[in-house]
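Notes for the structure review
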Amino acid sequence: MKNPLFALMLLCLLAGPLSAADADEPAPQSQANETRVVAAKGREDAEHKAGMNDRITLTLRNRDPLLEQARNEGKRVIPYVDGQPLPGIKVLPSGKDQLEMELQRTDESSATWAELVKQRTSLLSTEVSLSVGLEGEKAIATEVHRFELVLVKKGWLVVCLIAVAGLLTLFLWLARGSNILRDPAPTPPGETRPYSIGRTQMAFWFFLVIICYPFIWLITGELSSITASVLGLMGISAGTALSATVIDTSKRNAAMNARVNLAAQRDALGTRLRELTQAIAKATDDTRPALQEELDAKRVRFREIEEQIKRLPPERRRQSKGFLLDLVSDDNGVSFHRFQILAWTLVLGIIFIAEVFTNLKMPEFSETLLALMGVSSGTYLGFKFPEEQGKYSERT
């Protein structure tokens, strides 16, 4: 039994070196000849990092077969990020076994960029794998899996944040200390005017656009990101504020003109009554009856005008009750039509922000949604007409 046991031990000792020798064998010839990306170089200050409009140099193993295949099949070589194609970006030979490209956002690659932004690992950048391949086919193998793709450049981000913060601070200071967001209606002495929902809505959309526009530009370089529906919303809000001001001013002017006209008639009648009284005292028996008849008629008319002046609605002098209450209240208290326009503005504003930060573009609201916003604004304006007329009719 010793001989078989000795032979088994000897076989085990020999098996170890044989396995190690197999592991050290070179890779198959087919794998050694495979075209693949082995390195990537971005900025000069940080080789494994690049952002929009930066030049990236890829080093490939066996680059020429890929270029030859592209020429034979009439296809372009395009970059791939995380396995997703970026069409529209030129990839050109540069040096031995190298390809060079300038990172850009094109109309064809907008969907890919949107996915990259959704999957970003931080606010300013994300780590991706880089490769190339023929357009319409899969990317070639790559060894570059932790390349930092800068979505927002810090310098420009700081400049834009300072500018927007300064503008917003200035506006809030003006909103608190001036009438930039308040109704133009007169107020009691020592009181402040109430906030206007029309002007507030216009300011809301203005600042949403002015904040999101540079944010999109910083990441994509896109200068025409304002859509037709966004212009429509800004137009609706501006039209609402302007129409509300016109309605309030016209009603206030109409009441003022009525009061001025009646006061002028009363003053003229008062003067005539004094003249008739003096004339009657000096009149003869023949002329006194006619003067007395005119005097009685003028007195009746004078009393009628005084009654009309008393029935005129008092000049509206609303005062501020706080920002939120001012937005949802009119002369009759909290009103649903004001609450409705405020609610729809907030809902569309949330959708606007989510679309910008998710897809890096301003939303395209449907015509139906814009019409709904227009109906809310029209309802608000329609209810402004009878606000004071109702009070006048109750008095009469």
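Residues numbered from 1 in each chain as written. Predicted model: local features only at pLDDT ≥ 70, side-chain atom pairs only at ≥ 80, totals over all residues. Heavy atoms only, no water.

**Re the overall build of the chain**
Rule in force here: In this description a helix means any DSSP run of H or I spanning at least four residues, a strand means any run of E spanning at least two, and both kinds are numbered starting from the N terminus. When accessible area is computed with a 1.4 Å probe and restricted to protein chains, residues below 20% of their type maximum are described as buried, those above 50% as exposed, and intermediate ones as partly exposed. Using a 1.4 Å probe, accessible areas were evaluated by the Shrake-Rupley method; residue-level cover was limited to the displayed protein chains.
Broken down by element type, the chain carries 12 helices and 13 strands. Put simply, the chain has 396 residues, and 36% of those count as buried. For the chain, the accessible surface area stands at approximately 23,200 Å², while carbon and sulfur atoms represent 60% of it.

**Some details on the packing of aromatic side chains**
What counts here: Only the six-membered ring of Trp is used, alongside the rings of Phe and Tyr, when aromatic pairs are assigned; centres must lie within 6.5 Å, and planes under 30 degrees apart are stacked while those over 60 apart are edge-to-face, with the rest tilted.
For the structure shown, the criterion picks out 7 aromatic pairs. Seen in terms of ring centroids, Phe 206 and Phe 207 are 5.1 Å apart; in terms of plane orientation they differ by 85 degrees. Their pairing is edge-to-face. For Phe 206, a relative accessible area of 37% gives the class partly exposed. Its relative accessible area of 9% is what places Phe 207 among the buried residues.

**Points about the nonpolar core**
Condition: The definition of a nonpolar core used throughout is a set of buried Ala, Val, Leu, Ile, Met, Phe, Trp, Tyr and Cys residues joined through side-chain atoms within 4.5 Å. Should any heavy atoms of two residues lie within 4.5 Å, those residues are considered in contact.
In terms of nonpolar packing, the biggest core is built from 51 residues, with Leu 58, Val 77, Leu 130, Val 132 and Phe 352 touching the most fellow members. Considering each element in turn, this core owes the most residues, 8 residues, to helix H6 (residues 197-220). Those residues in contact with Leu 58 that sit more than four places away from it in its chain are Val 37, Ala 39, Ala 40, Asp 97, Gln 98, Leu 99, Met 101, Leu 130, Ser 131 and Val 132. Counting 15 residues, the second-largest nonpolar core is a separate cluster that includes Tyr 195, Ala 203, Leu 327 and Val 328.

**Examining the pattern of salt bridges**
Convention followed: Any Lys or Arg side-chain nitrogen located within 4 Å of an Asp or Glu carboxyl oxygen qualifies as a salt bridge.
Tallying each qualifying case throughout the model produces 15 salt bridges. The shortest N-O distance in the salt bridge between Arg 55 and Glu 100 comes to 3.5 Å. Separated by 45 residues along the polypeptide, Arg 55 in strand S3 (residues 55-61) and Glu 100 in strand S7 (residues 98-102) bring together distant segments of the chain. Note on Arg 55: relative accessible area 44%, which makes it partly exposed.

**Some remarks on the confidence of the model for the chain**
Put simply, the rule is: Each residue carries a pLDDT score, the predictor's confidence in it, ranging from 0 to 100.
Residues of the chain with pLDDT of at least 70 account for 84%, and the chain-wide mean is 79. Overall, residues 17-27 carries pLDDT values under 50, and its contacts beyond four positions in sequence, including any with other chains, amount to 0 contacts. Segment residues 388-396: pLDDT under 50, and 13 contacts once partners within four positions in sequence are set aside and those in other chains are kept.

**Some details on the sheet that holds strand S8 (residues 125-128)**
Threshold: In short, DSSP must find at least two bridges between two strands for them to pair. Every angle, taken between N-to-C directions, lies between 0 and 180 degrees, and every axis is a line fitted to C-alpha atoms, over only the stretch in contact when it is a helix.
A sheet is described by the order of its strands in space; here 3 strands give the open sequence S2-S11-S8, paired in mixed fashion. The outermost strands of the open sheet, each flanked by one partner alone, are strand S2 (49-51) and S8. Pairwise comparison of adjacent strand axes, ignoring direction, gives a mean angle of 30 degrees for this sheet.

**Looking at the sheet that holds strand S1 (residues 36-41)**
Pairing is mixed across the open sheet formed by 5 strands, whose spatial order is S6-S7-S3-S1-S10. Two strands in the sheet have a free side with no partner beyond their single neighbour: strand S6 (91-93) and strand S10 (141-142). Of the strand pairs in this sheet, S1 and S3 are connected by 5 bridges, and their pairing is antiparallel. For Arg 36, the partnering residue across the bridge sits in S3 and is Arg 61.

**Quick notes on unusual backbone geometry**
With phi around 55 degrees, Asp 82 is a residue other than glycine that occupies positive phi space. Among the secondary structure elements, Asp 82 is positioned in the loop between strand S4 (77-81) and strand S5 (84-85). Its relative accessible area of 33% is what places Asp 82 among the partly exposed residues.

**A short note on the side chain of Ser 377**
What counts, and what does not: Definition of a polar contact: a pair of N or O atoms within 3.5 Å, with one able to donate and the other able to accept a hydrogen when the atoms are protein atoms, and with sequence-neighbouring residues admitted only if both atoms are side-chain atoms.
Here Ser 377 shows up in helix H11 (residues 367-384). At 3.1 Å, the side chain of Ser 377 forms a polar contact with the side chain of Thr 240. In this structure Ser 377 touches Gln 201, Ile 236, Thr 240 and Ile 341, once residues within four positions along its chain are discounted.

**A word on the packing of helix H10 (residues 336-359) against H11**
What counts here: When describing relative orientation, an angle under 35 degrees is termed roughly parallel and one over 145 degrees roughly antiparallel, while 65 to 115 degrees is termed roughly perpendicular and anything else oblique. Crossing handedness is read from the near helix: turned anticlockwise from the far helix by less than a right angle, it gives a left-handed crossing, and turned clockwise, a right-handed one. Under the scheme applied here, ten amino acids are nonpolar (Ala, Val, Leu, Ile, Met, Phe, Trp, Tyr, Cys and Pro), four are charged (Asp, Glu, Lys and Arg), and all others, including Gly, are polar.
Their axes nearest at 9 Å, the elements H10 and H11 cross at an angle of 155 degrees. With respect to H11, the element H10 is oriented roughly antiparallel. The hand of the H10/H11 crossing is left-handed. When H10 is examined against H11, the residues His 337, Arg 338, Gln 340, Ile 341, Trp 344, Thr 345 and Leu 348 are found in contact with a partner set consisting of Leu 369, Leu 372, Met 373, Ser 376, Ser 377, Thr 379, Tyr 380, Phe 383 and Lys 384. For the contact of H10 with H11, the per-class residue count stands at 8 nonpolar, 6 polar and 2 charged.

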